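# A look at the structure
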Amino acid sequence: MISPDKLPMVETASMNDTHFDTILLINKLSTAVDAKDINSISELFIELIEHTEQHCKNEEEMMIEKKFPPYPAHKEEHDLALDDMRNAALKFTETKDIDAVKKYVDLNLAPWFLQHTETMDAVTSMFLENSELHRVYWDRLVPRK
Ligand SMILES: [Fe+2]
Ligand SMILES: [Fe+2]
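Residues numbered from 1 in each chain as written. Chains lettered and ligands numbered in written order. Predicted model: local features only at pLDDT ≥ 70, side-chain atom pairs only at ≥ 80, totals over all residues. Heavy atoms only, no water.

Labelled according to an unreviewed UniProt entry, the chain appears under the name Hemerythrin-like domain-containing protein, originating from Sulfurimonas aquatica. For the record of the chain, the UniProt heading Sequence similarities (unreviewed entry) holds the text "Belongs to the hemerythrin family." (UniProt positions renumbered as here; feature names shortened; annotations may be inferred.)

Shown next as structure tokens:
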């Protein structure tokens, strides 16, 4: 479970909205795990994967549009997290091991999500919201010949 007030806020409103939805989904998955509800866990894994694919894609499109230089590093973190999520879901489909899902959510997904939002997403959002300012500074610092 993640308390919504633990969510690190970034400068982009649409990203904060998505992050609140992520917390709701993670918490629904935790509730299904505690209830040992195998069907709900399976359904929520699918919902979480679809949500996270769209979440990552939206951020990546914004980074490309604004030419954010560390885009590859941010995308790599997304890709690794999505791989972990798909693997955890696949493993659950094969084994129905609820304890493994609990470990994945509490020790991997939730801490990763908070840490990623506080670092990568916060810095990216700062850049996205001030990209015009960066361009003005750049033009002043690197005068065209
Ligand atoms: Fe994000
Ligand atoms: Fe991100």
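Time to look at the overall build of the chain. Secondary structure assignment for the chain yields five helices and zero strands. Secondary structure elements of the chain occur, N-terminal to C-terminal, as α-α-α-α-α. In terms of principal-axis extent, the alpha carbons of the chain reach across some 65 × 30 × 20 Å. Of all 145 residues assigned to the chain, the portion counted as buried reaches 37%. Sequence-distant contacts in the chain: of pairs separated by 6 or more residues, those separated by 24 or more amount to 71%. Surface summary for the chain: the accessible area is close to 8,900 Å², and the carbon and sulfur share equals 58%. For the chain, the distance from the average position of its 16 positive side-chain charges to the average position of its 28 negative side-chain charges is 5 Å. (Helix = DSSP H or I, 4+ residues; strand = E, 2+ residues; numbered from the N terminus. Buried < 20%, exposed > 50% of the residue type's maximum accessible area, 1.4 Å probe, protein only. Contact = heavy atoms within 4.5 Å. Areas by Shrake-Rupley, 256 points an atom, 1.4 Å probe, with all protein chains shown as cover. Lys, Arg positive; Asp, Glu negative; His and termini not counted. Charge placed at Lys NZ, Arg CZ, Asp CG, Glu CD.)

Taking 1.5 Å of rise per residue, the 32 residues of helix α4 (residues 98-129) would be expected to cover 46 Å, yet its terminal C-alpha atoms sit only 41 Å apart, more than 12% below that figure. The sharpest bend along α4 measures roughly 40° and falls at Thr117. Between a side-chain oxygen at the N-terminus of α4 and the backbone nitrogen of Asp99 the separation is 3.1 Å; the capping residue is Asp97. (Expected span 1.5 Å × (residues − 1). Bend = angle between axes of the 7 residues up to and from the residue. Polar contact = N/O pair within 3.5 Å; in protein donor to acceptor, adjacent residues only side chain to side chain.)

Contact geometry for helix α1 (residues 13-34) and helix α2 (residues 38-65): axes closest at 10 Å, N-to-C directions at 160°. As far as their axial angle goes, α2 and α1 are roughly antiparallel. Read as a crossing pair, α1 and α2 show a hand that is left-handed. Contacts between α1 and α2 involve Met15, Thr18, His19, Asp21, Thr22, Leu25, Ile26, Lys28, Leu29, Ala32 and Val33 from the former and Ser40, Ile41, Leu44, Phe45, Glu47, Leu48, His51, His55, Glu59 and Met62 from the latter. Counted by class, the contact of α1 with α2 contains eleven nonpolar, six polar and four charged residues. (Axes fitted to C-alpha atoms, helices over the stretch in contact; angles between N-to-C directions. Parallel < 35°, antiparallel > 145°, perpendicular 65-115°, else oblique. Left-handed = near helix turned anticlockwise from the far one by under 90°. Nonpolar A, V, L, I, M, F, W, Y, C, P; charged D, E, K, R; others polar.)

On to the coordination of the iron ion (ligand 1), then. Protein ligation of the iron ion (ligand 1) involves His19 (NE2), His55 (NE2), Glu59 (OE) and Asp121 (OD), the donor distances falling in the range 1.9 to 2.2 Å. Coordination at the iron ion (ligand 1) is irregular, judged from the four donor atoms that bind it and the angles of 86 to 162° they form at the metal. Between consecutive donors of the iron ion (ligand 1), the numbers of intervening residues give the motif H-x35-H-x3-E-x61-D. (Donors = N, O, S within 2.8 Å, 3.2 Å for Na, K, Ca; no water. Tetrahedral: all angles 85-135°; square planar, octahedral: opposite > 155°, others 65-115°.)

Even without glycine at this site, Lys36 takes up a positive phi of about 55°. Tracing the backbone through its elements, the reader meets Lys36 in the loop between α1 and α2. Classification of Lys36 by relative accessible area gives exposed; the value is 57%. Despite not being glycine, Lys96 has its phi angle at roughly 55°, a positive value. Within the secondary structure, Lys96 sits in the loop between α3 (71-95) and α4. A residue is classified by how much of its surface remains accessible, and Lys96, at 38% relative accessible area, is partly exposed.

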